[in-house]
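Spelled out from the first residue to the last, the chains are:
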Protein chains: 2
Amino acid sequence: MENRTLRVFKTMSYREKPNSEELAFGRTFTDHMFVMDYSDAEGWHDAKIVPYEPLKIDPAAMVFHYGQSVFEGLKAYLNPQGEPLLFRPRKNIARLNRSNERLCIPTLDEDFLLHALKQLIYIEKEWIPKADGTSLYIRPMIISTEPFLGVAPSKEYKLVIILSPVGAYYKEGINPIKIAVENDFVRAVRGGTGEAKTGGNYASSLKAQEVAGKEGYSQVLWLDGVEKRYIEEVGSMNVFFKIGDEVVTPELNGSILSGITRSSVIQLLKHWGISVRESKITIDELYQEYQKGNVEEVFGSGTAAVISPIGQLDWNDHKMFFNNGQTGKLSKELYETLTGIQYGRLNDPFNWIEKVATQQTMNKVG
Amino acid sequence: MENRTLRVFKTMSYREKPNSEELAFGRTFTDHMFVMDYSDAEGWHDAKIVPYEPLKIDPAAMVFHYGQSVFEGLKAYLNPQGEPLLFRPRKNIARLNRSNERLCIPTLDEDFLLHALKQLIYIEKEWIPKADGTSLYIRPMIISTEPFLGVAPSKEYKLVIILSPVGAYYKEGINPIKIAVENDFVRAVRGGTGEAKTGGNYASSLKAQEVAGKEGYSQVLWLDGVEKRYIEEVGSMNVFFKIGDEVVTPELNGSILSGITRSSVIQLLKHWGISVRESKITIDELYQEYQKGNVEEVFGSGTAAVISPIGQLDWNDHKMFFNNGQTGKLSKELYETLTGIQYGRLNDPFNWIEKVATQQTMNKVG
Ligand SMILES: Cc1ncc(COP(=O)(O)O)c(C=O)c1O
Ligand SMILES: Cc1ncc(COP(=O)(O)O)c(C=O)c1O
């Protein structure tokens, strides 16, 4: 980090805050955003908090053409005392840097970025909604801005953090969703970018979601791109299967995202003495276990939905129904515990929570 | 096309044109660009030619996060009479629409887009450079602009066409390049987006190019993502092998781009009575033929480089040298014929050339 100054330019026209009972996901944004630029000469520089406004970007900027970009997603929550909390933010920042490496984007000073994020949350704390299940979604992104049409890593970048007060991600709330195993389209493959949080992975998933959506599914379950047998993940969630007394989740194989909720679920389950297996699991294997009546619960894990029970999974003509379409006991316990910790209502045995100090120096750091 | 009006707003400050002997690729842009917007309510609308300037885009616009974007690349050339020519532009526009379909982007009226493109070229015709091998590179792109963080197809888009006077794409010019077979990274896979011209395919290729570049290679040769055996294509070129009396090129399998230069090369070869085979070809097979002394020429084909002879191909420890590192006879003939047609110096037996009329109505169409 060549320059650790963080300047703040407050807005002159504050926006109206939405009613916290009526929040959608990702449509409303707060008054300010954090921006920082990169050039080969100056490194990451010119960090500042500015009014939320359109970016002015050259039409030849590489992000528009060659998709060199990465992003992250995490949330700020209010505890019962009204203090803003972050859930494992260092994990997101570390993952951002891993995505950067895969996409040939210069990495960031993680401490400085966390500091900047906290400053931004502090300034926007009135935007953190108070109603149950609501939070302030945090979206850091890095885009390549060099105006150049050659296919090569950009020499200029812009990092932006925007904030959006959100309700629940899934319209269905914590009710079980219905998903379909995807047989035709592939999201990511060994040797590709599946492990990175980069736009291309999501762009390539839209078509499958559109097709599945028309058939009444909320999401698709992705299989590996090579053998089309190994279960990978769901749209923006990792996936867990309670098979008998064991919980199974696909191992991190380079083509699925290493979810922070996933890692928290695994840690919690182990803490509770429940056996967890991270391994390859094929869709045939799952179906066999289902036929034997062993698959008790299936759920997805992700920042947006936290825990999302899966009530029905269709694999071609094979329809699998789990736990009578009800939210399972374990899914419910995980949801309650994770959100309890996130909202500061429960004890935090793993030190997952970082407070956003309520008094901050607003000028210099480091 | 809900609204076929094309408005023109000329710039007040013309830029200085670069010396046409010193052109790089894709760094200089002309005075004007074409823009058109899409909304669900209005369809594609508000088509206009405006001064080249930064786009103002909401930081929550989907293109920055989920990479929903497509692009094209073609060129305008001057014939000896100084008239601007386009090479098979309808093919590019049709491919743009195919990319749109894969990426869930609303398709375009192809006639209107060609008309708009011609208007833009007409206005910018002084920007088409005159030196040998130079041309005006045309870059249409479509980006998703809805400010929404949900992973779903955007409801708003912007189409932009920018123009860049260009010299040769490869620093080495028409001299043979050295490339490496990529064993670790994967660009695209069956069921993915390889066939579409979308940013994510290029973003995912950067790392492999960076690694290969450090080892002295110009590009990598991609193998298929499933078996890592079948030859696909090079960075931004399709690839051809002259093996004995036959020319072989990987068949269009859904994960490689259907190059317009590729299709033109195939047509020319057939026209010349040379046998062309579009089929699967493995890297082992190629190496075996190489060892038997049968691989006479290898070259890439693409709009930027036209024909790019490949002098050396390294596959792990196996180094293959073709035609003594010289540009082969067939590569040279193809290059001369293609560029001859493109620049209007040769007869155009296939009707590949579209003239940009030199008198155009500037207001209404259709
Ligand atoms: C593809 C994908 N998988 C999994 C996840 C879950 O990750 P996390 O728990 O860190 O939100 C996400 C969302 O962030 C995702 O986009
Ligand atoms: C991945 C890829 N393959 C092949 C090509 C060659 O296609 P065309 O001949 O249409 O330029 C390109 C460039 O356009 C490309 O980007």
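Note that the structure is a prediction, hence the values are computed from the model and not measured. (Residues numbered from 1 in each chain as written. Chains lettered and ligands numbered in written order. Predicted model: local features only at pLDDT ≥ 70, side-chain atom pairs only at ≥ 80, totals over all residues. Heavy atoms only, no water.)

**Points about the overall build of chain A**
At step 1: Along chain A, the regular secondary structure elements total 8 helices and 19 strands.
At step 2: A globule of 366 residues ought to have a C-alpha radius of gyration of about 21 Å, and chain A, at 21 Å, matches this closely.
At step 3: Within chain A, the proportion of its 366 residues that are buried is 62%.
At step 4: Once local pairs closer than 6 in sequence are excluded, the contacts in chain A between residues at least 24 apart make up 72%.
At step 5: As presented, chain A carries roughly 14,200 Å² of accessible surface, and 45% of it is formed by carbon and sulfur atoms.
At step 6: Here chain A carries 42 positive and 47 negative side-chain charges, and the mean point of each set is 2 Å from the other. (Helix = DSSP H or I, 4+ residues; strand = E, 2+ residues; numbered from the N terminus. Rg over C-alpha atoms; globule rule 2.2 N^0.38 Å. Buried < 20%, exposed > 50% of the residue type's maximum accessible area, 1.4 Å probe, protein only. Contact = heavy atoms within 4.5 Å. Areas by Shrake-Rupley, 256 points an atom, 1.4 Å probe, with all protein chains shown as cover. Lys, Arg positive; Asp, Glu negative; His and termini not counted. Charge placed at Lys NZ, Arg CZ, Asp CG, Glu CD.)

**What to know about the interface of chain B and chain A**
Often, the extent of an interface is quoted as the loss of accessible area upon association of its parts.
At step 1: In this complex, chain B contributes 62 residues to the contact, which on the side of chain A involves 62 residues.
At step 2: When the two sides are added together, the surface that chain B and chain A hide from each other amounts to roughly 5,200 Å², 63% of it contributed by carbon and sulfur.
At step 3: The interface formed by chain B and chain A contains 2 salt bridges.
At step 4: Among the ionic pairs, A:Arg27 bridges to B:Glu146, the shortest N-O distance being 3.0 Å.
At step 5: Taken together, the connections running from chain B to chain A amount to 20 residue pairs in polar contact (both at pLDDT 80 or more).
At step 6: Of all elements in the fold, only strand 4 (55-57), helix 1 (62-66), strand 5 (69-71), helix 2 (89-102), strand 8 (135-144), strand 9 (156-166), helix 4 (199-203) and helix 5 (206-214) of chain B reach the threshold of two or more residues within the side of chain B that touches chain A.
At step 7: Class assignment for the residues of the side of chain B that touches chain A results in 34 nonpolar, 15 polar and 13 charged. (Buried area = accessible area lost by both parts, 1.4 Å probe. Salt bridge = Lys/Arg side-chain N within 4 Å of Asp/Glu carboxyl O. Polar contact = N/O pair within 3.5 Å; in protein donor to acceptor, adjacent residues only side chain to side chain. Nonpolar A, V, L, I, M, F, W, Y, C, P; charged D, E, K, R; others polar.)

**Structural notes on the site of ligand 2**
All names here are of chain B.
At step 1: Near ligand 2 there are 16 residues, and of these Lys197, Tyr202, Glu233, Thr261 and Thr303 occur at the shortest range.
At step 2: Lys197 places a polar side-chain atom, nitrogen or oxygen, 2.8 Å from an oxygen atom of ligand 2.
At step 3: Backbone polar atom of Ile260 to an oxygen atom of ligand 2: 2.8 Å apart, as the coordinates give it.
At step 4: Protein contact buries 96% of the 390 Å² of open area that ligand 2 shows by itself.
At step 5: Sorting the residues of the shell around ligand 2 by element identifies helix 6 (260-271) and strand 16 (295-302) as the ones contributing at least two each.
At step 6: Here the residues of the shell around ligand 2 are counted per class, giving 4 nonpolar, 8 polar and 4 charged. (Near = heavy atom within 4 Å.)

**Regarding the relation of the copies chain B and chain A**
Two chain copies, one operation linking them: a rotation about an axis together with a shift along it.
At step 1: Superposing chain B onto chain A takes a rotation of 180° combined with a translation of 0.0 Å along the rotation axis, leaving an RMSD of 0.0 Å. As the rotation angle and translation indicate, the two copies are arranged about a two-fold axis. The position closest to the rotation axis in chain B is occupied by the C-alpha of B:Gly200, lying 2.0 Å away. (Least-squares fit on C-alpha atoms with pLDDT ≥ 70 in both.)

**Some points on the pairing of strand 6 (residues 74-78) of chain A**
Residues and elements named next belong to chain A.
At step 1: Burial of strand 6 is extensive: 5 of the 5 residues sit out of reach of the surface.
At step 2: Covered by surrounding structure in strand 6 are Leu74, Ala76 and Leu78 together with Lys75 and Tyr77, the residues of both alternating faces.
At step 3: Taken together, the 3 bridges between strand 6 and strand 8 (residues 135-144) define a ladder with antiparallel strand orientation. Each bridged residue has a counterpart across the sheet, and for Lys75 the counterpart in strand 8 is Tyr137.
At step 4: Bridge count for strand 6 against strand 7 (residues 84-87) is 3 bridges, and the pairing is antiparallel. Looking at the pairing, Leu78 lines up with Pro84 of strand 7. (Pairing = 2+ DSSP bridges.)

**Notes on the domain arrangement of chain A**
Residue and element names in this part refer to chain A.
At step 1: Once the domains are mapped, chain A shows domain 1 (6-167 + 352-362) and domain 2 (177-327).
At step 2: Relative placement of domain 1 and domain 2: their C-alpha centres are 28 Å apart.
At step 3: At the interface, 20 residues of domain 1 touch 18 residues of domain 2.
At step 4: Summed over both sides, the interface of domain 1 with domain 2 buries roughly 1,500 Å², with 57% coming from carbon and sulfur.
At step 5: Seen at the junction of domain 1 and domain 2, the total is 0 salt bridges.
At step 6: At 6 residues, the largest contribution of residues to the side of domain 1 that touches domain 2 is made by helix 2 (residues 89-102). (Domains from an automatic or database assignment.)

**Digging into the nonpolar core**
At step 1: By size, the foremost hydrophobic cluster in this structure holds 56 residues, and its most contacted members are A:Phe64 and B:Phe64.
At step 2: Ignoring any residue separated from it by four or fewer positions in sequence, one finds A:Phe64 in contact with A:Ile57, A:Asp58, A:Pro59, B:Leu55, B:Ile57, B:Val63, B:Phe64, B:Ser69, B:Met141 and B:Ile143. (Core = buried A, V, L, I, M, F, W, Y, C linked by side-chain atoms within 4.5 Å.)

**As for the packing of helix 2 of chain B against helix 3 (residues 110-123) of chain B**
Residue and element names in this part refer to chain B.
At step 1: Where helix 2 contacts helix 3, the axes come no closer than 10 Å and their chain directions differ by 125°. Relative to helix 3, the element helix 2 is oriented oblique. Seen along the crossing, helix 2 lies across helix 3 with a hand that is right-handed. Facing Pro89, Arg90, Ile93, Ala94, Leu96 and Asn97 of helix 2, the residues of helix 3 in contact are Glu110, Asp111, Leu113 and Leu114.
At step 2: Of the residues in the contact of helix 2 with helix 3, the class split is 6 nonpolar, 1 polar and 3 charged. (Axes fitted to C-alpha atoms, helices over the stretch in contact; angles between N-to-C directions. Parallel < 35°, antiparallel > 145°, perpendicular 65-115°, else oblique. Left-handed = near helix turned anticlockwise from the far one by under 90°.)

**Focus: the pattern of salt bridges**
At step 1: Considering all chains together, one arrives at 38 salt bridges over all chains under this definition.
At step 2: The shortest N-O distance in the salt bridge between A:Glu251 and A:Lys280 comes to 3.9 Å. Of this pair, A:Glu251 sits in the loop between strand 14 (246-250) and helix 6 (260-271) while A:Lys280 sits in the loop between strand 15 (275-279) and helix 7 (283-291), and the two are 29 residues apart along the sequence.
At step 3: A relative accessible area of 28% places A:Glu251 in the partly exposed class.
At step 4: The partner of B:Asp111 in a salt bridge is B:Arg90, and the shortest N-O contact between them spans 3.3 Å. On the criterion of sequence distance, the pair formed by B:Asp111 in helix 3 and B:Arg90 in helix 2 is long-range, its members being 21 residues apart.
At step 5: Of the residues examined, B:Arg90 reaches a relative accessible area of 44% and is grouped as partly exposed.
At step 6: Residues joined by salt bridges that share partners form a network here, namely A:Arg90, A:Asp111, A:Lys118 and A:Glu354.

**Structural notes on the environment of B:Leu252**
All names here are of chain B.
At step 1: You can see Leu252 is positioned in the loop between strand 14 (246-250) and helix 6.
At step 2: Exposure remark for Leu252: the relative accessible area of 40% places this residue in the partly exposed category.
At step 3: Along the backbone, Leu252 and Ser99 are 153 residues apart, and their C-alpha atoms lie at a distance of 15 Å.
At step 4: If near-sequence neighbours (up to four positions away) are discounted, Leu252 is found in contact with Leu257, Ser258 and Arg262.

**Here's the deal with the site of ligand 1**
Residue and element names in this part refer to chain A.
At step 1: Around ligand 1, the structure places 16 residues, and the nearest of them are Tyr202, Glu233, Ile260, Thr261 and Thr303.
At step 2: Contacts to ligand 1 include Arg95, whose side-chain N or O atom sits 2.9 Å from an oxygen atom.
At step 3: For ligand 1, an oxygen atom lies 2.7 Å from a polar atom in the side chain of Lys197.
At step 4: When ligand 1 sits alone it has 390 Å² of accessible area, and the protein chains cover 97% of it.
At step 5: Breaking the shell around ligand 1 down by element, the ones donating at least two residues are helix 6 and strand 16 (295-302).
At step 6: Considered class by class, the residues forming the shell around ligand 1 number 4 nonpolar, 8 polar and 4 charged.

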